[in-house]
Amino acid sequence: MMQPHHARRVPTRWLRIGIPVLLVLVWLAAGSIGGPSFGKVAEVSSNDRSTFLPQSADATQVNERLADFLGEESIPAVVVVTGDGDLTAEQIADVQAFADDVAGLEDVAGDVSPPIPSDDGEAVQLFVPIDASGEVGDTVAEIRAMAADDLPSDLTAWVTGPAGFTADLVEGFLGIDGLLLGVALGAVFLILVIVYRSPLLPVLVLATSMFALCAALLTVWWLAYAGIVVLNGQVQGILFILVIGAATDYALLYVARFREAISTGARRWDATLSAWRGAFEPILASGGTVIAGLLCLLLSDLATNRALGPIASIGIVFAVLSALTFLPALLALFGRTAFWPFIPKHASAALPDDLTQPVKGLWPRQARFIARHARIVWIVCTVVLLAGAIGITQLKADGVPTSDLVLGASEARDGQQVLSEHFPAGSGSPVYVVVPEDDLAGTVEVLEASDGIDSVSVASSDSPTGQAAVKVEGGEPVFTAVGPPGTPAPAPTVSDGDVLVIGTLTDAADSVAAEQTVRALRVDLDESLGADTALVGGETATDVDTNDTSTRDRTLIIPVILAVILVILMLLLRSILAPVLLIATVILSFATALGVSALVFNGVFQFAGADPAVPLYGFVFLVALGVDYNIFLMSRVREESLVHGTRPGILRGLVATGGVITSAGLVLAATFAALGVIPILFLAQLAFIVAFGVLLDTFVVRSLLVPALSYDIGRAIWWPSKLWRSDAGAPAEPAATAGRSRRTLEP
């Protein structure tokens, strides 16, 4: 029973105003300090895929030793130049002059190769080593601008190779600070205006999200600056979207509770306390569940996955803190004014105890529909979801060529196509093999025997090009001199007793054929030289090791996340059966989202494939965030069941949370869909999977399947808790009868 106003201990007016003001000032200070971090993320981020591999991977070990053989640590750019037909001596001279100019750029590390003509005489290529520690994207942009300005109009040049693709990837991420945030915030604001029909409340909710993001980004920036976490554009984009979406979802839950309180006539301070008590447990439980799921990524062997776990968890921590401190403080100060011009004066549509009575409102009608047709509803939903899940067999998540990572125009991709028409397609992205000097001859023989290798050379500081062609005669390696007759043959560069063998691939470095060549070389070298004698690296090997590691991570982490979330739900709901059923619906929903996505990717967008990490990331976000809605719904259902009984509690919980879950789902789907504006394949696919999956969760799973299934089962859903046995002292429940046309709210 509510105590009389005079009997309750009410804080003084100064405290009722001072506490919210203090909290607002703290968050304003955090935002002002963290805001400038948006412009400094590039200082601590890297998009080099090899840096995310585990230290044990062959490609990682080779990459760390390349500087020992090739001089400065560099990333090669390949400039391919063509004309209208056979290139003339004058045109080749123009290309040489261009190469000399490029060699003078600040971040060009080492000598630029002379123009190398193709066998058909219609193209030449240049190899430009670019300092890997510098701004690769800016240097490539300079080379492209010089080619457009300095080469004659009858010559066309493309900058491709590893440096070219890196530059295109960096360019693709350029909109991640402004465009991505603008689209996400604009979409969320529009949805909130439609939902609340108020110009002020959406601003307060978005302020909650933005200040949480500022505080999170400031923390992450310093962790990345200290080398504690690895940050790249992909992780940064996910952090932005995750914090905005999660903080807005938590804010919506609090606003719903606050609105309930003030609609009953409660004053600002009383409404704030009532809303905070009602929202605290589900928001904390939801945030804790998401954090637990994200931290499971620490089990990954890929540094980028391990980084996403704690980085995204930091974002969720600040989202929870903002929703439980900053937003309550703002609403405590604004009170009913926040809802202007439609200030709530009456309680939302309620559900009568007797469902034969007329009901008003969407959610009361849906609750009555579920009460009458519970079994039919959950069976139909399950069949439809299973049908959609069949498409998962069409998902091609075994890797995607580097040339397809960037959506839309890509000069590097176009240049790679031109290169493959005139040169071995793997030019500029060779296979690197580090072997003991004594095993050089055996290694060369293995590479020469491979159909996927066009030519073999060895790193040599004595050679003008840094490489010397090598073949085996009489069981010994023989090196070809570069220069006029009589030039002494160069010797291979030796580091710690090892040499670097370089194999030019016949196929494009990011092709399936090239990956098969690398896998075959590793097997053949182990058989010929002994296990672990040779280390195979390079761009293709990096792709192979990354895909293999991603597949291993996916197989390990998904079951762990399910187990962790299951335990959390059991503790929260104090039941075994309900959490098991909820996890089952989450898995079914995810499978359907992935199945439909596969059909759309293949049939509509015609994507070349997907990264093995796409299903893992989709699972992490859909399951962890989808459980949020389970928690919002079932925590309220349990609260109502303690008072009214299980079946009435299920219907009352659905009515109470239906609006907030729908709004939250729309907001979260919109924020993740905003990732699609970044022209990166991985983010576009993740955007579709999560956005579609969240909408599926919102409108089918949480609104129909879970309530109908729980209603059909009845109080046994709480087995083996006390609520299962007592159910608020209600009499034994009759089973729900599918198709019953008239029903009262039985316990």
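Quick note: structure is the one above.
Residues numbered from 1 in each chain as written. Predicted model: local features only at pLDDT ≥ 70, side-chain atom pairs only at ≥ 80, totals over all residues. Heavy atoms only, no water.

Undergrad: For this particular structure, what's the right way to read the overall build of the protein?
TA: Along the backbone of the protein there are 20 helices and 10 strands. Here the C-alpha coordinates of the protein stretch approximately 105 × 50 × 50 Å along the principal axes. Classification of the 747 residues of the protein by burial places 55% in the buried group. Excluding contacts between residues fewer than 6 apart, the proportion of contacts in the protein whose partners are at least 24 apart in sequence is 80%. Carbon and sulfur atoms form 60% of the exposed surface of the protein, whose accessible area is close to 30000 Å². Within the protein, one finds 41 positive and 74 negative side-chain charges whose respective centroids are separated by 37 Å. (Helix = DSSP H or I, 4+ residues; strand = E, 2+ residues; numbered from the N terminus. Buried < 20%, exposed > 50% of the residue type's maximum accessible area, 1.4 Å probe, protein only. Contact = heavy atoms within 4.5 Å. Areas by Shrake-Rupley, 256 points an atom, 1.4 Å probe, with all protein chains shown as cover. Lys, Arg positive; Asp, Glu negative; His and termini not counted. Charge placed at Lys NZ, Arg CZ, Asp CG, Glu CD.)

Undergrad: So what exactly am I meant to see when it comes to the sheet that holds strand β8 (residues 476-479) here?
TA: Across a sheet, paired strands are connected by hydrogen bonds in the backbone, their directions being either parallel or antiparallel. An order of β8-β7-β6-β9-β5-β10 is seen for the six strands of this open sheet, with the pairing classed as antiparallel. Bordering the open sheet on either side are β8 and β10 (535-538), each of which pairs with just one other strand. Sheet twist, expressed as the average angle between the axes of neighbouring strands with direction ignored, equals 40°. In the packing of helix α2 (residues 58-70) onto the sheet, the strands contacted are β5 (431-436), β6 (453-459), β9 (498-505) and β10, and the crossing angle to β10 comes to about 80°. Lying over the sheet, helix α14 (residues 512-529) contacts β5, β6, β9 and β10, oriented at roughly 10° with respect to β5. (Pairing = 2+ DSSP bridges. Axes fitted to C-alpha atoms, helices over the stretch in contact; angles between N-to-C directions.)

Undergrad: Can you walk me through the pattern of salt bridges in this structure?
TA: Two side chains of opposite charge can pair, provided their charged atoms sit close to one another. Considering all chains together, one arrives at 14 salt bridges under this definition. Across the pair Asp498 and Arg65 runs a salt bridge whose closest N-O atoms are separated by 2.6 Å. In this pair, Asp498 sits in strand β9 while Arg65 sits in helix α2, placing the two residues 433 residues apart along the sequence. Relative accessible area serves as the criterion here: at 14%, Asp498 is assigned to the buried category. Within this structure, Arg65, Asp68 and Asp498 form a network of salt bridges that share partners. (Salt bridge = Lys/Arg side-chain N within 4 Å of Asp/Glu carboxyl O.)

Undergrad: Any chance you could explain a negative patch on the surface here in plain terms?
TA: Taken together, the side chains of Asp86, Asp119, Asp120, Glu122 and Asp454 define an acidic patch exposed on the protein surface. With respect to the secondary-structure elements, Asp454 resides in strand β6. (Patch = residues over 30% accessible without salt bridge, like charges linked within 9 Å, V, L, I, M, F, W, Y side chains within 5 Å.)

Undergrad: Honestly, helix α3 (residues 89-103) in this entry has me stumped. Any pointers?
TA: In an α-helix, one full turn covers 3.6 residues, which means residues spaced three or four apart are oriented alike. Taking 1.5 Å of rise per residue, 15 residues should cover 21 Å, and α3 covers 21 Å from first to last C-alpha, within 8% of that figure. For α3, the secondary structure elements touched by its buried residues are β1 (74-82), β3 (123-131) and α4 (136-150). (Expected span 1.5 Å × (residues − 1).)

Undergrad: What exactly am I supposed to notice about the side chain of Arg636 here?
TA: As for its position among the elements, Arg636 is in helix α17 (residues 613-644). With a relative accessible area of 9%, Arg636 lands in the buried category. Within polar-contact distance, the side chain of Arg636 engages the side chain of Glu260 at 3.4 Å. Non-local contacts of Arg636, meaning those with residues more than four positions away in its chain, are made with Arg257, Glu260, Ile631, Gly653, Ala656 and Thr657. (Polar contact = N/O pair within 3.5 Å; in protein donor to acceptor, adjacent residues only side chain to side chain.)

Undergrad: Sorry if this is basic, but what is going on with the packing of aromatic side chains here?
TA: Each pair of aromatic rings is reported with the distance of its centres and the angle of its planes. Considering all chains together, one arrives at 17 aromatic pairs under this definition. With 5.0 Å between their ring centres and 85° between their planes, Phe590 and Phe619 make a pair best called edge-to-face. In this pair, Phe590 is assigned in helix α16 (residues 577-605) and Phe619 in helix α17, connecting sequence segments 29 residues apart. For the residue pair Phe590 and Phe619, the accessibility class agrees, reading buried in each case. Pairwise contacts between aromatic rings join Phe601, Phe605, Phe607, Phe688 and Phe692 into one cluster. Positioned above the aromatic ring of Tyr711 is the side chain of Arg647, whose terminal nitrogen or guanidinium carbon lies 5.4 Å from the ring centre. (Phe/Tyr/Trp six-rings, centres within 6.5 Å; stacked < 30°, edge-to-face > 60°. Lys NZ or Arg CZ within 6 Å of the ring centre and 35° of its normal.)

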